[in-house]
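# Residue-level structure breakdown
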Amino acid sequence: MSRITLSRFLIEQQRKAGTLPPELRLLIETVGRACKAISYSVNKGALAGILGEAGTGNIQGEAQKKLDVIANDFLLDANEWGGSLAAMASEEMELPYHIPGEYPKGEYLLMFDPLDGSSNIDVNISVGTIFSILRCPEGIDHPTQEAFLQPGTKQVAAGYTVYGPQTMLVLTFGSGVHGFTLDREHGSFVLTHSDMQVPETTQEFAINMSNMRHWEAPVKRYVDEMLAGKTGPLGKDYNMRWVASMVAEVHRIITRGGIFMYPKDARDPDKAGKLRIMYEGNPMAFIIEQAGGAATNGYQRIMEIQPKGLHERVAVFLGSKEEVERITAYHQQ
Ligand code: AHG
Ligand code: MN
Ligand code: MN
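Computed from a prediction, not measured in an experiment: that's the story for all the values here. One numbering rule holds for all chains: residues counted from 1, following each sequence as written. A letter from A marks each chain and a number from 1 marks each ligand, given out in the order of writing. Per-residue local features of the predicted model are confined to residues with pLDDT of at least 70, and side-chain atom pairs are confined, for both listing and counting, to 80 or more; whole-chain, interface and lining totals are unaffected and use all residues. The basis for every side-chain value is the complete set of heavy atoms in the structure, and neither hydrogens nor water enter the calculation.

## Re the coordination of the manganese ion (ligand 2)
Any N, O or S atom lying within 2.8 Å of the metal counts as a donor, with the limit raised to 3.2 Å for Na, K and Ca; because water is left out of the atom set, some sites can appear incomplete. Looking at the manganese ion (ligand 2), the protein donor atoms are Asp113 (OD), Asp116 (OD) and Glu280 (OE), and they sit 1.8 to 2.1 Å from it. The buried label applies to any residue whose accessible area, calculated with a 1.4 Å probe on protein chains only, is under 20% of its type's maximum; exposed applies above 50%, and partly exposed to all values in between. Owing to a relative accessible area of 5%, Asp116 belongs among the buried residues under this scheme.

So this is what it looks like as structure tokens:
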């Protein structure tokens, strides 16, 4: 059978009545095109002079890498003129980005973490892009941040692109999770992973252990139990991985199982965690749930949280169902 490119896959989904409106299909294709451009830049690295610091900071007070800024610009440029969007919001911008007056406006809101795992760029380790799409509430002509503040259950699509040994786009619009690999010679994403599923059980966990002294009791208990191995309460030996790119961790988990944790900790007690609900928590939760896994903040489904700010943080426990249920139960006890 001939290869199924992203465009063909989306058109065929659109034809299956009701699963994918044409405007949303176009939007997803456009995001995919921007991710291709980011992938080529990431690949060139020092050859294109794109490594290192940008010399600026974002709204989160984090130093921006050149590639954070480049990736953000690629996504804005590719998406502002197509007519499917009412506005965009990015981890790298304080306020929503409005569609310039010369272009038509559409019914969707696009949010993104243009470059996830930016600490890994200069050391040639996987980074990624994460995106989430919502419908703009009716009657809003000039969306401010309030329009974006919808729980993750309202997402109509979400995905990520991982720029690793292969560039892969992994996508959901609410009927399973579909994985595409970038064929550089043809310049297209090709369907290589149909109906991706997170294995229900696992023996692999991901957490930044250097923060252990700052964790809350349920997280400490759970990690202690995993470290105790076969003779401990969980009765099995675990392995650990920490890439420091959420995209890479989620991709590993969706491929071979595992649990990813970025808990709230005592370093900054006012923040619910490090990761951002709109650009990281919700899209990854949507993908993981669609792949049969689970995602909570320790107490409830991430996607059921009502966000109060565009850059709000969230504690994240996601991956294989059995393990996410365990750590969630420990929080609730
Ligand atoms: P970003 O580069 O978009 O700011 O995100 C980095 C995030 C996430 O990808 C990763 O899981 C985590 O930060 C790593 O944090 P530590 O450096 O604290 O381990
Ligand atoms: Mn990120
Ligand atoms: Mn980022």
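## Concerning the UniProt feature "binding site: substrate" (unreviewed entry) in the protein chain
UniProt positions are given in the numbering used here, feature names are shortened, and annotations may be inferred rather than shown by experiment. Per the UniProt entry, the sites bearing "binding site: substrate" (unreviewed entry) are Asp116, Gly117, Ser118, Ser119, Asn208 and Lys274 in this numbering. Strands here mean DSSP runs of E at least two residues long; helices mean DSSP runs of H or I at least four residues long; both are numbered from the N terminus. Here Ser119 lies in the loop between strand 5 (108-116) and strand 6 (127-135). With respect to the helices and strands, the residue Asn208 is situated in the loop between strand 11 (204-206) and helix 5 (217-227). Apart from residues lying up to four places away in sequence, Asn208 is in contact with Trp215 and Trp242. Here the side chain of Asn208 touches Ser210 through a polar contact of 2.6 Å, side chain to side chain. Whether two residues touch is decided by their heavy atoms; if any such pair falls within 4.5 Å, the residues are in contact. Pairing of N or O atoms within 3.5 Å defines a polar contact, subject to two protein rules: one partner must be a possible hydrogen donor and the other a possible acceptor, and residues neighboring in sequence count only if both atoms are side-chain atoms.

## Side note on the site of ligand 1
Not every one of the 18 residues close to ligand 1 is listed here, only the nearest: Asp116, Gly117, Asn208, Met246 and Tyr262. In this structure, Trp242 approaches ligand 1 through a side-chain N or O atom, which is 3.0 Å from an oxygen atom. Each accessible area is a Shrake-Rupley estimate made with a 1.4 Å probe; only the visible protein chains count as cover when residues are assessed. Out of a free accessible area of 470 Å², ligand 1 has 87% covered by protein chains. By residue number, the principal contributor to the shell around ligand 1 is strand 5, which donates three residues. Across the shell around ligand 1, the residue classes break down as seven nonpolar, four polar and seven charged. Proximity criterion: a residue is near a molecule or strand once any of its heavy atoms comes within 4 Å of it. Three residue categories are used. Nonpolar comprises Ala, Val, Leu, Ile, Met, Phe, Trp, Tyr, Cys and Pro, charged comprises Asp, Glu, Lys and Arg, and polar comprises the others, including Gly.

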